[in-house]
Amino acid sequence: MQDILKEFPEREVEAIIRDASKIMLEADNHRMHIEKKDGAANFVTEYDVKVQRFLEGKFSALLPGCGFLAEEEGENENPLGDGYMFIIDPIDGTTNFMFGRRASCISVGVFYNRQALYGAVYDPYADRFYSARAGQGAYLNGERIFAADRDPSVGIAYIGSAPYYREKTGRIIAETTYEILMHFGDIRRLGSAALEICSIASGEADMYCEPILSPWDHAAAGLILKEAGGIVTDYHGDPLGYNGPSSVLAATKASYETAQNLLKGMV
Ligand code: IPD
Ligand code: CA
């Protein structure tokens, strides 16, 4: 993996993601075309599609033959294959984006022969570029970052509450909220799983959980958090796969056990 990393064009990938983010920044909130996807309150805008097409065009030119697993345009069931594979969420936090809440990002995970190689999560509103290369640490705007070492009783917990499958997840989320409130310092919700997980990597929060999350929401941020010293698994403590949705628990080392004990019976 370290040999592949030597030739991986990280600077070019970062420049492409930064360029793609201009499409988000120039979007017209008041007139965007929005379509509904499967599930409750699950939307895609014309800009999600534009960002995804831009990224795929540029990455294909940079690394010919690479594959994609991406949220929009029917590319969300591609299995992880050999060679370079990009797992992309063109806009994570689409509902925030639609409403002009400036808390969304572009998430790009790069895999080589099914192993996580590189992750990037870019919040263009705050100009925060989180990145990590496998085995080489996590960075925010080029500065090394580390997960916090705080007791969970004073820590911040994010509870992902996407409404898409709420018939199935509503009660789980309500029960989880009670348990987390009794064991953690306080609760937050940004509305972008990738940014929530990255903020644990940079020491600003301690735990994130969501009963059903898709691979493009955690592929990049999961590597970033692990490289910052955190732990990412499903609620049962098993490693995450990339072939479909699963529960996700992302936490600092100090908070992981408390959270996993609370969550393991929930799904
Ligand atoms: C969603 C966001 C949200 C999380 C959902 C995700 P999207 O991604 O990350 O915070 O709760 O589970 O699907 O739809 O905005 O790309
Ligand atoms: Ca998205």
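Along each chain, numbering runs from 1 in the same order as the chain's sequence is written. To label them, take the chains in the order written and letter them from A, then take the ligands in the order written and number them from 1. Local features in this predicted model are restricted to residues of pLDDT 70 or higher, and side-chain atom pairs are both shown and tallied only at a pLDDT of 80 or more, whereas totals for entire chains, interfaces and linings draw on every residue. By convention in this description, side-chain values take in all heavy atoms of the structure and omit both hydrogens and water.

(A) Spatial organisation of the pairing of strand 7 (residues 128-133). By the convention used here, strands pair only if DSSP detects at least 2 bridges between them. Numbering of helices and strands runs from the N terminus, with a helix taken as a DSSP run of H or I at least four residues long and a strand as a DSSP run of E at least two residues long. Where strand 6 (residues 115-123) and strand 7 come together, 6 bridges link them in antiparallel fashion. Of the residues in strand 7, the one forming a bridge with V121 is Y130. Hairpin connection, strand 6 to strand 7: the antiparallel pair is bridged by 4 residues, and D127 has positive phi, about 50 degrees. The pairing of strand 7 with strand 8 (residues 138-140) spans 3 bridges and is classified as antiparallel. Within the sheet, the bridge partner assigned to Y130 lies in strand 8 and is L140.

(B) Examining the domain arrangement of the chain more closely. These domain boundaries are the output of an automatic or database domain assignment. Structurally, the chain comprises domain 1 (2-145) and domain 2 (152-263). On a C-alpha basis, the centroid separation for the pair domain 1 and domain 2 is 20 Å. Summed over both partners, the interface of domain 1 with domain 2 buries about 2400 Å², with 66% contributed by carbon and sulfur atoms. Salt bridge, as used here: a side-chain nitrogen of Lys or Arg that lies within 4 Å of a carboxyl oxygen of Asp or Glu. Joining domain 1 to domain 2, the criterion identifies 1 salt bridge. Here R128 ties to E204 by a salt bridge, and the two come within 3.0 Å at their closest N and O atoms. Per element, the largest residue contribution to the side of domain 1 that touches domain 2 is 7 residues, and it comes from strand 6. Class assignment for the residues of the side of domain 1 that touches domain 2 results in 23 nonpolar, 13 polar and 8 charged. Computed with a 1.4 Å rolling probe, the buried area is the accessible surface lost when two parts are put together, summed over both parts. Gly is placed with the polar residues, together with every amino acid not listed as nonpolar (Ala, Val, Leu, Ile, Met, Phe, Trp, Tyr, Cys and Pro) or charged (Asp, Glu, Lys and Arg).

(C) Structural detail: helix 2 (residues 10-25). The first and last C-alpha atoms of helix 2 sit 23 Å apart over 16 residues, in line with the 22 Å expected at 1.5 Å per residue. Taken together, the buried positions of helix 2 are occupied by V13, I16, I17, A20, S21, I23 and M24. Considered in projection along helix 2, the buried side chains sweep an arc of 145 degrees and stay on one side of the axis. Given the number of residues in a helix, its expected span is that number minus one, multiplied by 1.5 Å. Exposure is judged per residue with a 1.4 Å probe applied to protein chains only, and the accessible area is read against the type maximum: over 50% gives exposed, under 20% gives buried, and values in between give partly exposed. Here, the arc refers to the directions that run from the helix axis to the C-beta atoms.

(D) Unusual backbone geometry, seen in detail. Although it is not a glycine, R114 adopts a positive phi angle of roughly 70 degrees. Note that R114 resides in the loop between strand 5 (105-112) and strand 6. Residue R114 is classed as partly exposed on the basis of its relative accessible area, which comes to 44%. Positioned with a positive phi, D127 is a non-glycine residue whose angle comes to about 50 degrees. Mapped onto the elements of the fold, D127 is located in the loop between strand 6 and strand 7. In this structure D127 comes out as partly exposed when scored by relative accessible area, which is 37%.

(E) Focus on the layout of surface pockets. Roughly 1000 Å³ of volume is contained in the largest pocket. Residue lining of the largest pocket: 45 residues in total, with K37, N42, E71, Y164 and D217 positioned closest to the centre. Secondary structure elements with two or more residues in the lining of the largest pocket: strand 2 (43-45), strand 4 (84-92), helix 4 (94-98), strand 12 (207-213) and helix 7 (215-227). Split by residue class, the lining of the largest pocket holds 18 nonpolar, 15 polar and 12 charged. Both domains that furnish three or more residues to the lining of the largest pocket are identified here as domain 1 (2-145) and domain 2 (152-263). Using a 1 Å grid laid over the protein atoms alone, points where a 1.4 Å probe fits but cannot get out form a cavity; open sets with protein on both sides within 12 Å along at least 5 of 7 lines form a pocket; any residue with an atom within 4 Å of a point counts as lining. Grid points are joined across faces, edges and corners, and a volume is the space filled by probe spheres set on the points.

(F) Seen up close, the site of ligand 1. In the region of ligand 1, 15 residues are neighbours, and D92, G93, T94, A193 and E210 sit closest. Polar contacts here mean pairs of N or O atoms no more than 3.5 Å apart (in protein, one a potential hydrogen donor and the other a potential acceptor; neighbouring residues in sequence count only if both atoms are side-chain atoms). In the environment of ligand 1, an oxygen atom lies 2.7 Å from a nitrogen or oxygen atom belonging to the backbone of G93. Residue T94 places a main-chain N or O atom 2.8 Å away from an oxygen atom belonging to ligand 1. Using a 1.4 Å probe, the Shrake-Rupley method yields the accessible areas, and only the shown protein chains count as cover for residues. Burial of ligand 1 by the surrounding chains reaches 95%, relative to a free accessible area of 370 Å². Only strand 4 and strand 12 provide two or more residues apiece to the shell around ligand 1. With 3 residues, strand 4 is the largest single contributor of residues to the shell around ligand 1. Residue composition of the shell around ligand 1, by class: 5 nonpolar, 4 polar and 6 charged. A domain-level breakdown of the shell around ligand 1 finds at least three residues from each of domain 1 (2-145) and domain 2 (152-263). Whether a residue is near a molecule or strand is decided by its heavy atoms; if any one of them lies within 4 Å of it, the residue is near.

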